[in-house]
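Examining the three-dimensional arrangement
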Amino acid sequence: DEYPIEGHTLYDNVLRLWALRLDNKLFEDEERQRQAERIKEKIRINFWPTPSNIDHPAIYHQRGFTDSAESDLQHLACAISPKGYDTHFDTAGHAMAMLLGLVSKKQYDQILNYLKPIFRHVGTVLIPALWPVITSDDPEWTSLKHNYSYTFKNYPHQYHNGGIWPVWMGWFALGASVNGNTHLPETVLKAWMKLEDVEDVNFSEYIASDTLQHCGKERLCYSASGLIFLVASIRKNAFDKLKLITNTY
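Everything in this summary refers to the structure shown in the same document. The structure presented is a predicted model; accordingly, all values stated were derived computationally and were not measured. (Residues numbered from 1 in each chain as written. Predicted model: local features only at pLDDT ≥ 70, side-chain atom pairs only at ≥ 80, totals over all residues. Heavy atoms only, no water.)

Some thoughts on the overall build of the chain
Looking only at helices and strands, the chain features 10 helices and seven strands. Expected size for 249 residues packed as a compact globule is a radius of gyration near 18 Å; at 18 Å, the chain falls within 12% of this value. Here the C-alpha coordinates of the chain stretch approximately 50 × 45 × 35 Å along the principal axes. Of the contacts made within the chain by residues no fewer than 6 positions apart, 63% connect residues no fewer than 24 positions apart. A total accessible area of about 12,700 Å² is found for the chain, and carbon and sulfur atoms account for 51% of it. A gap of 6 Å separates the mean positions of the 25 positive and 30 negative side-chain charges of the chain. (Helix = DSSP H or I, 4+ residues; strand = E, 2+ residues; numbered from the N terminus. Rg over C-alpha atoms; globule rule 2.2 N^0.38 Å. Contact = heavy atoms within 4.5 Å. Areas by Shrake-Rupley, 256 points an atom, 1.4 Å probe, with all protein chains shown as cover. Lys, Arg positive; Asp, Glu negative; His and termini not counted. Charge placed at Lys NZ, Arg CZ, Asp CG, Glu CD.)

Observations concerning the pattern of salt bridges
According to the stated counting rule, one finds nine salt bridges in the structure shown. Across the pair Glu 31 and Arg 38 runs a salt bridge whose closest N-O atoms are separated by 3.3 Å. The residue Glu 41 makes a salt bridge to Arg 44 at a minimum N-O spacing of 2.6 Å. Taken as a pair, Glu 41 and Arg 44 lie in helix α2 (residues 30-46) at a separation of three residues, close to a single helical turn. You can call Glu 41 partly exposed: its relative accessible area is 29%. By sharing partners, the salt bridges in this structure join Glu 30, Glu 31, Arg 34 and Arg 38 into a single network. (Salt bridge = Lys/Arg side-chain N within 4 Å of Asp/Glu carboxyl O. Buried < 20%, exposed > 50% of the residue type's maximum accessible area, 1.4 Å probe, protein only.)

Take a look at the structure:
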């Protein structure tokens with residue numbers, strides 16, 4: 001969208017994997033199934049670089065992988081480009097990766113630990129779309145400020161630049177439910193509803209992560225879907241009823 005992510009992105013790769021799995025479910029294509037398994041392995045290896053995998057044959061960007069592996073990354077990378085790894089935390093990408101069984105229990109716990117200081121920074125248990133926030137002092141600011149269609153919206157803590165999108169919190173909650181965690185979705189739901197009139201929910205596009213004010217367009221269907229997903233992730237066995245395609249790690 002209007003955020004400076006380039007190269008091989010986590011979000012696009014997990015969507016491709018999901019599409020291949022759905023294709024295989026419909027048409028029972030053995031080649032598609034093998035392709036999906038190869039892509040699953042490449043995503044798992046490349047987007048979470050670790051010292052133990054530093055010589056893995058599936059590595060796409062050896063120099064970037066080595067640098068990131070040595071930095072002790074605590075979550076999946078946002079993107080991989082010729083310049084190296086973009087290590088922003090991508091909530092949407094993580095949500096889909098967890099839903100598709102691309103993280104182990106240990107990695108899931110690391111992701112939750114990574115989120116804790118973000119919650120402290122925001123002041124409540126709400127998950128920004130991308131983190132950390134890019135400010136005017138950061139090298140990425142020049143790319144960010146020129147990357148828009150009509151008007152610039154990615155001010156610090158706004159829009160994609162640290163904005164809290166209900167739709168992605170809902171998807172992330174579903175990912176948490178796959179890993180047996182309903183406590184996080186419950187906590188996120190309660191934190192969100194504290195900012196709303198529960199009799200007339202705003203369903204705004206996003207919430208600013210510094211002021212916790214509703215921003216962007218209002219009465220959006222995809223923001224309402226975030227609430228549906230949050231509730232579904234809390235209800236026992238609700239995730240299975242959604243008939244989403246998942247594989248355990």
